[in-house]
Structure formats: structure tokens, C-alpha cells
Amino acid sequence: MNFSFVSGELARASGELLVIPLFEGESGDTPSAAIAGVHTALDARLLAAATQEGFKGKAEQTFVMHTLGKLEAERVLLLGLGTRARYTPEVLRLTAGRAAKTAQRLKARSLVFAVPGGVEGTGAVRAVVEGLELGVYRFDRYKSSAREEKNAPKLTAVKLHLAGEKTAALEQALALAQRVAEATNWARDLVNEPPNVVNPVRLAQAAQEMGRASGLKVSVSGRKEIEKLRMGMFLAVAQGSANEPQLIHVVYTPKNAKQAKLPPVALVGKAITFDSGGLSLKPTDSMVDMKTDMAGSAAVLGAMKVIAALKPPFPVHAFIGACENMPSGTSYRPSDVIVSRLGKTVEVTNTDAEGRLVLGDVITWANEQKPAVLIDLATLTGACVVALGNYIVGAFGDHDATVNEVLESARAAGEEMWRLPVTELQKDALRSEIADMKNSGERWAGATNAALFLKEFVGETPWVHLDIAGPSISPKERGYNGKGPTGVGVRTLVEFVQRRGAQAGTDTAPEAPVPAPAPAETPKAAKAPKASRGTRAKG
């Protein structure tokens, strides 16, 4: 979408849809400043009509009215923000998402969005732009009806109406918000693609294409290189699939020679492009959405798109081990003992606890780069969904300062996270009689048990594990999210890196506004190399 700033009398702003978010109490008998001019221009009928329909400005309330030619806009859309006491930028982001979805239903090509008075600033602008860009997202490239509606009206132009003046800081906030939203939607595309399209090879190709476009160095290794790295856990999971495993390494390096030598921030993403459960086969209903088991890697790659533009004053590396977990005559088995890159031996008790095995080897490899901090994102456990539901990420780690830094970044980015324990009290759950540990323990504290397994490969590096099993998929339309993949994690990782850059005394905001993203092309299914062999419960 094309964004611009406007000011002046709101009633005279031109656009097919005029969007006015209101706090509870601002739509009463006495119009607030936010709506007074528009109310008057509509012969003082707007508030009475809204009240008649029960609109009071409460959270998630919506009211639409045709202007009958009395305004430049064809329709007015009132959206409830709830009370000012409970306002956060995320409330505005969700509201902007509802505006985008309403505009789509009304087939509006352009809208004017009145940024609420009293909350104007870079945070509000970012929330509105992100909410609108994320809200218009649809994944319909495989629907015949979508091809027929290719020329249907789409929302392409947005004017942000400000009570104050446009500033350079607001322009930079708009540019960053567009970058973040575009990267999040790109990550959503990757997760939405069917597993016969985005297999490990195609995911690696997507990383390479992104790297070329963003100026990042991307290296990809296949089975032979993974064998040389002695990643026994990764190889065990991959050996049941006919699709070749891929080890992906994405690197951002500052141009400043001194900065380039600093310890990097390491981001690790889980990338099981399809998880059948292996020989511990999932039930049919639990397997249907397992193309999304690579959502952690999609978020990491999406974040790297933005990080390349932010140019932080330290290196940032992304590490991804991509494979499928499939049942076959070559699959790894319950009771197998496998050797990790770190040298630890693992008894397999459940082949559906595969993600932690791949992550363990990849984290070991990432840790050899001596990072300043390591963050992994993974759709790891159904237990975390049981504990926190569909909208809250579970955060684990025993380095308090780093965990708090991630949680603060998430809060600023509008992604809800809650810290869960990594406690030695649960360590016995992973104790094996014949190996150093088991890959899966008892049912109780399943999310903590998975985090404890990963901790074995982290060493002394400050580390945060984000279990995104619930929030990676929205079960219904909510704000800027439709039903399906959300791209959760992109905003938090970008915020984390930006804050670290600011602490280092460098302005990491983009230098210029971002052009509207081009429509994504349909990924082509990649052929696996000839040499290869091999409840929303996660691994």
C-alpha cells in the first residue's frame, strides 16, 4: 500500500472510507474533538445513528455509515478502542487490522485513517501501518475464485490524518512499519504454502532469494555437509524422508571492520517443513496443519529481511536446520540411540519429539560462533498451547537480563509473551537408563521438559527459547490476523535487534520510506536431489 500523511479538517479528507477510532465515551451526545467536524458535516446525525446501533466505542465495536455525498469520503467507519486506561499500541494495531478487513469487504481502494488524539507519535503510526498492512493479507493463490477476482478493487492508498505536523521521526516510523509488516506477510506466505511446495530445498531457496535481495550472505549445506558436521540428531530426523535436509546460515555483517568483529546475535528457527510424527505417527486431525511446523524459521528469515535494512552495529546470524519428519523404512525409531554434534547421546522415546533434536544440533553449531546472545523460535510443544492458549508465546531461559530484554521487546512490538520456568526439578523427566538423556519425558511440564532438553546444548551463552506453538496460527479472525499463520516473532526479533543497536549508540532506523511491497510470486516446487534418502502436538 501507498501511505501518506495529511492534516487539516478531517471532514474534508478525501478517500473512499474515512476511519475514525474512538475511545469509549467519545461517541456520546456531546461529540469529542475527534469526531465533531464529521458529525456536523453529516447534519449532526452520525452520533445518533451510531448510538442507535449500540456503538459506544467499546473494544472491537464497529459502525459504518454512508455519507450520501456530504463528505469527500463515501463512508465513515467508527471503530471502538475501549477505555483510554487500557490503551496500548497493540490495541490500535488490532483496530487498524479490523479497518483493513472492513475496507476489503466494502471493496474500498483508499481510506483515511484518523490517528487518535492524545496517542499520536511514532508508536501510534507504527501500530496503524502494521495493522493495516497485516490486516489486508490474504493467502488465496490456489483458489480459482481469487484468479477470477484478480482485477477486483483492492485497498492500495492510505492517508494517515494527524492533528499535528508530520516529522522526520514519523516518516521513519512509517518506513520501518512497512518493512516489518511486509516481512511478516512474507513469513506468513512461507508458512501458508503447502508442504509439496515449500519443502526443505525450497525453504533454502527462499532464504537465498531473500539474501540476494537484502544484501545478506546465505550459505546452504546438504546431507553430506551435515554428516561432516556430525549432526547425528538432525540426520536421524531427516533420514525417513525422500527430501534432502538443508542447513541454512544467513549472515548480516556491519561494514565497519571493528563492529564486524563483535560477537553476533544468533537467531535459530525450527524448520520441520512437514511433521507426520515419524513412526510415532500423529492422528489425522493433528497432522493436518503440520506444514506450519516451520513457522519459527519463517519468522527468523522474515526478521533478517528487516535487520538487513536496519544495519545494526553488530553481526546477526540466523541458523536453520530444515527437514521433514516422515515414516518410512529408513525412519529413525523409538529406542534408537543417536549421537549429537556436542557428543551427548540421546535415547529416542518418541519420534514426534523431533524438533528439539534438530534444534539441539543447530544450537550447538550456532554456539560455536560465540554469540553474545542466542534466541530460538520453535513450534515446539502442544503442552505450551495447553498452558498459555493460542495467543501467548512461552518464553524460557535462566539468564534473567536477556529474558527480560526479549520480553520488553515483545511488549513494545505488541506480541504477548509469558515467562515459564526452566527448572532442574524437572531434569529427571529426561533421564535415560542407557544414554545421556531421552528426547521426551513425562506428560507433565512438557514445555519445560523440551526447554530443558535444548538447554543441554546452549552452554554458558545467554539464551532465550520462544515456544510459538500456539500463536503461530490464529484459530479465527482477530484484528489484523485472519484464520491461519500469523508470522509471530518477526516484530519481537526486529525490536530486540533495534533496541540493542540503540543501546550501542547507533541510530538503526531506515534512511528512507519503503516502497509498497510487490506481490509475492508463487514458490515453485523444488525437486529433491537424487542422492537424498532418507492434537497440534509439536516436537
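Sequence order sets the numbering: in each chain, residues are counted from 1 along the sequence as written. Totals for whole chains, interfaces and linings use all residues, but because this is a predicted model, local features are given only for residues with pLDDT of at least 70 and pairs of side-chain atoms are given and counted only at 80 or more. With hydrogens and water excluded, all non-hydrogen atoms of the structure serve as input to the side-chain values.

Undergrad: Just give me the short version of the pattern of salt bridges, but keep the residues and values in it.
TA: When a carboxyl oxygen of Asp or Glu lies within 4 Å of a side-chain nitrogen of Lys or Arg, that pair is called a salt bridge. In this structure the tally under the stated criterion is 33 salt bridges. For Glu209, the salt bridge is made with Arg202, and the minimal N-O distance between the two is 3.0 Å. Note that Lys455 is salt-bridged to Asp398, the shortest N-O span being 2.9 Å. Remark: Asp398 occurs in the loop between β14 (393-396) and α15 (400-413) and Lys455 occurs in helix α16 (residues 446-455); sequence separation between them is 57 residues. Under the relative-accessibility criterion, Asp398 is labelled partly exposed at 44%. Put simply, Glu90, Arg93, Arg126, Glu130, Arg491, Glu495 and Arg499 are held in one network by salt bridges that share partners. Under the scheme used here, helices are H or I runs from DSSP no shorter than 4 residues and strands are E runs no shorter than 2 residues, and both carry numbers assigned from the N terminus. Relative accessibility thresholds used throughout: buried, under 20% of the residue-type maximum; exposed, over 50%; partly exposed, between the two (1.4 Å probe, protein chains only).

Undergrad: Hey, could you go over the sheet that holds strand β9 (residues 265-275) for me, with residue numbers and the actual values?
TA: Here we have eight strands laid out as an open sheet, ordered β7-β8-β10-β9-β13-β17-β14-β15, and mixed in their pairing. Whereas interior strands pair on both sides, the edge strands pair on one side only; in this sheet they are β7 (217-221) and β15 (417-419). Across the sheet, the mean angle separating the axes of adjacent strands is 20 degrees when strand polarity is ignored. Contact criterion: two residues are considered in contact whenever any of their non-hydrogen atoms come within 4.5 Å of each other. Angles shown run from 0 to 180 degrees and are taken between the N-to-C directions of axes, each axis being a line fitted to C-alpha atoms and, for helices, limited to the stretch in contact. The strands that α15 touches are β13 (373-378), β14, β15 and β17 (463-467); relative to β15, the one it contacts most, it runs at about 160 degrees. In this description, strands pair whenever DSSP reports at least two bridges between them.

Undergrad: Any details on the pairing of β17? Residues and values, ideally.
TA: For β17, a buried count of five out of five residues is recorded, marking the element as mostly surrounded by other parts of the structure. Burial along β17 is two-sided: the face carrying Trp463, His465 and Asp467 and the face carrying Val464 and Leu466 are both buried. Bridging between β13 and β17 involves five bridges; their strand directions are parallel. When the sheet's bridge partners are listed, Leu377 is paired in β17 with Leu466. Both β14 and β17 contribute to a ladder of three bridges, which runs antiparallel. The partner of Ala395 across the bridge, within β17, is Leu466.

Undergrad: Now, about the side chain of Asn243: what can you tell me, with residues and values included?
TA: Within the secondary structure, Asn243 sits in the loop between α9 (232-238) and β8 (246-252). Taking relative accessible area as the criterion, Asn243 reaches 18% and is therefore assigned buried. Reaching out from Asn243, the side chain makes a polar contact with the side chain of Glu324 at a distance of 3.0 Å. Polar contacts here mean pairs of N or O atoms no more than 3.5 Å apart (in protein, one a potential hydrogen donor and the other a potential acceptor; neighbouring residues in sequence count only if both atoms are side-chain atoms).

Undergrad: Pulling in residues and values, what's your account of the packing of aromatic side chains?
TA: A pair of aromatic rings is counted whenever rings of Phe, Tyr or Trp (Trp by its six-membered ring) have centres within 6.5 Å, and the orientation is called stacked for planes under 30 degrees apart, edge-to-face for over 60 and tilted otherwise. Taken as a whole and assessed by the stated rule, the structure comprises four aromatic pairs. Centroid distance Phe23 to Tyr87: 5.7 Å. Interplanar angle 75 degrees. Geometry classified as edge-to-face. You can see Phe23 sitting in strand β2 (residues 17-23) and its partner Tyr87 sitting in the loop between β4 (75-82) and α3 (89-105), a full 64 residues away along the chain. Note on Phe23: relative accessible area 2%, which makes it buried. Judged by centre distance (5.4 Å) and plane angle (50 degrees), the rings of Phe453 and Phe457 are tilted. As far as burial versus exposure is concerned, Phe453 and Phe457 are alike and both buried. Whether a charge sits over a ring comes down to the Lys NZ or Arg CZ being within 6 Å of the ring centre and within 35 degrees of the ring normal. Lys305 extends its terminal NZ or CZ atom over the ring of Trp186, reaching a point 5.0 Å from the ring centre. Sitting over the ring of Tyr391, Arg478 keeps its end group 4.8 Å from the ring centre.

Undergrad: Quick one: what's the story with unusual backbone geometry, residue by residue and with numbers?
TA: Even without a glycine there, the phi angle at Lys107 is positive, about 60 degrees. For Lys107, the position within the fold is in the loop between α3 and β5 (110-114). A positive phi angle, near 55 degrees, is found at Lys370, a position not held by glycine. The topology assignment puts Lys370 in the loop between α13 (355-367) and β13.

Undergrad: Tell me what's going on with the nonpolar core, and back it up with residues and numbers.
TA: As used here, the term nonpolar core means buried Ala, Val, Leu, Ile, Met, Phe, Trp, Tyr and Cys residues forming a set that is joined through side-chain atoms within 4.5 Å. Ranked by size, the top nonpolar core spans 58 residues in total, and within it Met304 and Leu466 carry the most contacts. Counting residues per element, this core draws most heavily on helix α12 (residues 295-310), which supplies eleven residues. Here Met304 is in contact with Met210, Leu216, Val250, Tyr252, Leu267, Val316 and Ala318, once residues within four sequence places are set aside. Counting 45 residues, the second-largest nonpolar core is a separate cluster that includes Met233, Leu247, Leu357 and Phe396.

Any functional reading would require information that these geometric values do not contain.
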